[in-house]
Amino acid sequence: MEFEQLYAPSLKELFVQKLQGMILSGELPMGQKLPPERELCQQMGVSRAVVNGGISELARQGFLDVLPRQGAFVSDYRRNGNMETLMAIMDYHGGMLGKEEIRSILEVRWGLEQMTLQRVIANASDAELETLGRFVDALREKPTPTQAAEIAFQFHHEMTLIGGNHILPLIYTSFKAPCTALWIRFCRKYGVGALHSNVEELYRHLLNRDMDGARNWSSQYLAEAIKGSRQIYDA
């Protein structure tokens, strides 16, 4: 058994986490102006550098708007946020996502996967398609849910690389944390074998270069997760 290394968060990290929590809980509502940095330093017992750096990071994450000579205001993070915002929301909820966030991620994944499948079948060599088989074989070896989620991600990421679009692999990587979290949840609810079956069937269509079969199967298993018999909204 391996144990993860422990570390103590810095004061800046604690400052960011505190304000993230206050914003996500509604304690700091959208549009609320933060106190001046000097006052935040006094109230929270930290240096000006901690507050300044934390505010800059929260602005980058989409939680704050910093206006010259006016101050920092709580932003509409759903409108102005980015992938870091999503990660912060997951951390706030103990690594979990709400129903609407899960649905949204699955819908985005559906669109990306349809594009990827089309490019893979059109562009991949037989040797490139065969390399995907090692991930299918790895899922057959009864890995843990966490290991299975990592393997599933590697399978889909490899598809984007084989497809030849230079941007899709970067997009998939940016979605790695939420996607693997959802695969872990799926495996815990329905078993690693169910994930293996989904990937294996998709792989079979790819090997046969069956465009309609691959796209229809992708649509089917994602639809089951969104609104069908294998929903993953409840842990």
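Q: Would you explain the packing of helix H5 (residues 83–92) against helix H11 (residues 176–190) in this entry?
A: Helix-helix packing: each pair is described by the crossing angle between the helix axes and the interaxial distance. Where H5 meets H11, the axes come as close as 9 Å, and the angle between the chain directions of the two elements is 40 degrees. By the angle class used here, H5 and H11 are oblique. The residues of H11 that touch H5, namely those facing Met83, Leu86, Met87 and Met90, are Ala177, Pro178 and Ala181. Partitioning the contact of H5 with H11 into residue classes produces 7 nonpolar, no polar and no charged.

Q: Where do I start with the side chain of His157 in this structure?
A: The topology assignment puts His157 in helix H9 (residues 145–163). Residues in contact with His157, not counting those within four places in the same chain, are Pro169, Tyr172 and Thr173.

Q: What's the story with the packing of aromatic side chains in this structure? I'm lost.
A: Working definition: an aromatic ring pair is given by the centre-to-centre distance plus the angle between the planes. In this structure the tally under the stated criterion is 3 aromatic pairs. On the numbers, 5.5 Å between centres and 45 degrees between planes, the contact of Phe63 with Tyr77 is tilted. Linking Phe63 in the loop between helix H3 (48–60) and strand E1 (64–67) with Tyr77 in helix H4 (residues 77–80), this pair joins segments that are 14 residues apart in sequence. One exposure class covers both Phe63 and Tyr77, and it is buried. The aromatic ring of Tyr190 is capped on one face by Arg230, whose charged end is 5.8 Å from the ring centroid.

Q: Before we go on, may I ask you to explain H11 in this structure?
A: Since one α-helical turn is 3.6 residues long, residues separated by three or four positions face the same way. With 15 residues, H11 should reach 21 Å at 1.5 Å per residue; the first-to-last C-alpha distance of 21 Å fits that figure. Turning to H11, its buried residues are Pro178, Cys179, Thr180, Leu182, Trp183, Ile184, Arg185, Phe186 and Cys187. Count one or two residues on from H11 and you reach Gly191, which has phi positive near 95 degrees.

Q: I keep staring at the pattern of salt bridges and nothing clicks. Help me out?
A: Once their charged atoms are close, side chains differing in charge can pair, the charge on each being opposite to the other. Here the structure, examined in full by the defined rule, presents 11 salt bridges. Residues Arg60 and Glu84 are paired through a salt bridge, measuring 3.0 Å at the closest nitrogen-oxygen approach. Here the residue Arg60 occupies a position in helix H3, and Glu84 occupies one in helix H5, the gap between them amounting to 24 residues. Here Glu84 falls in the partly exposed class, since its relative accessible area comes to 33%.

Q: Is there a simple way to explain the pairing of E1 in this structure?
A: Relative to strand E2 (residues 71–74), E1 is paired through 4 bridges, and the arrangement is antiparallel. Within E2, the position partnered with Val66 by the bridge is Ala72. Joining the antiparallel neighbours E1 and E2 is a turn of 3 residues, in which Arg69 adopts a positive phi near 65 degrees.

Q: Quick question: what am I supposed to make of the nonpolar core here?
A: Across soluble globular proteins, nonpolar side chains have a tendency to be buried as a group. The biggest cluster of nonpolar side chains holds 43 residues, and the ones touching the most others in it are Leu106, Leu132, Phe155, Met159, Leu195, Leu202 and Leu206. Listed by contribution, the elements that provide at least two residues to this core are helix H6 (99–123), helix H8 (133–140), H9, H11, helix H12 (192–207) and helix H13 (211–227). Per-element tally for this core: the top contributor is H9, with 8 residues. Apart from residues no more than four positions distant in its own chain, Leu202 is found in contact with Glu113, Leu117, Phe155, His156, Met159, Ala214, Trp217 and Tyr221.

Q: How should I be thinking about the layout of surface pockets in this particular structure?
A: The method is simple in principle: a probe with the dimensions of a water molecule rolls over the atoms, and the space it marks as empty is what remains. By volume, the largest pocket amounts to about 330 Å³. Residue lining of the largest pocket: 14 residues in total, with Arg78, Leu86, Ile89, Glu101 and Ser104 positioned closest to the centre. Of all the secondary-structure elements, those providing two or more residues to the lining of the largest pocket are H4, H5 and H6. It is H6 that contributes the most residues to the lining of the largest pocket, 5 residues altogether.

Q: I keep staring at the packing of H9 against H12 and nothing clicks. Help me out?
A: Interaxial distance between H9 and H12 falls to 10 Å at its minimum, and their mutual angle equals 15 degrees. By the criterion of interaxial angle, the relationship of H9 to H12 is roughly parallel. The hand of the H9/H12 crossing is left-handed. Contacts from Pro145, Ala148, Ala152, Phe155, His156 and Met159 in H9 reach Val192, Leu195, Val199, Leu202, Tyr203 and Leu206 in H12.

Q: Looking at this model, I keep getting lost on empty space enclosed by the protein. Mind explaining?
A: Scanning all chains against the criterion turns up 2 cavities of 30 Å³ or more. Lining the largest cavity are 13 residues, and of these Arg109, Trp183, Phe186, Asn198 and Tyr221 lie nearest its centre. Listed by contribution, the elements that provide at least two residues to the lining of the largest cavity are H6, H11, H12 and H13. Here the lining of the largest cavity is built from residues that sort into 10 nonpolar, 2 polar and 1 charged. Computed from the structure, the second largest cavity encloses a volume of approximately 50 Å³. As for the second largest cavity, its lining consists of Ile105, Val108, Arg109, Leu112, Tyr172, Phe175 and Cys179. Per-class residue counts for the lining of the second largest cavity are 6 nonpolar, no polar and 1 charged.

Calculation rules
- Residues numbered from 1 in each chain as written.
- Predicted model: local features only at pLDDT ≥ 70, side-chain atom pairs only at ≥ 80, totals over all residues.
- Heavy atoms only, no water.
- Axes fitted to C-alpha atoms, helices over the stretch in contact; angles between N-to-C directions.
- Helix = DSSP H or I, 4+ residues; strand = E, 2+ residues; numbered from the N terminus.
- Parallel < 35°, antiparallel > 145°, perpendicular 65-115°, else oblique.
- Contact = heavy atoms within 4.5 Å.
- Nonpolar A, V, L, I, M, F, W, Y, C, P; charged D, E, K, R; others polar.
- Phe/Tyr/Trp six-rings, centres within 6.5 Å; stacked < 30°, edge-to-face > 60°.
- Buried < 20%, exposed > 50% of the residue type's maximum accessible area, 1.4 Å probe, protein only.
- Lys NZ or Arg CZ within 6 Å of the ring centre and 35° of its normal.
- Expected span 1.5 Å × (residues − 1).
- Salt bridge = Lys/Arg side-chain N within 4 Å of Asp/Glu carboxyl O.
- Pairing = 2+ DSSP bridges.
- Core = buried A, V, L, I, M, F, W, Y, C linked by side-chain atoms within 4.5 Å.
- 1 Å grid on protein atoms, 1.4 Å probe; cavity = no way out; pocket = protein on both sides within 12 Å on 5 of 7 lines; lining within 4 Å.
- Points joined across faces, edges and corners; volume = space filled by probe spheres on them.
- Left-handed = near helix turned anticlockwise from the far one by under 90°.

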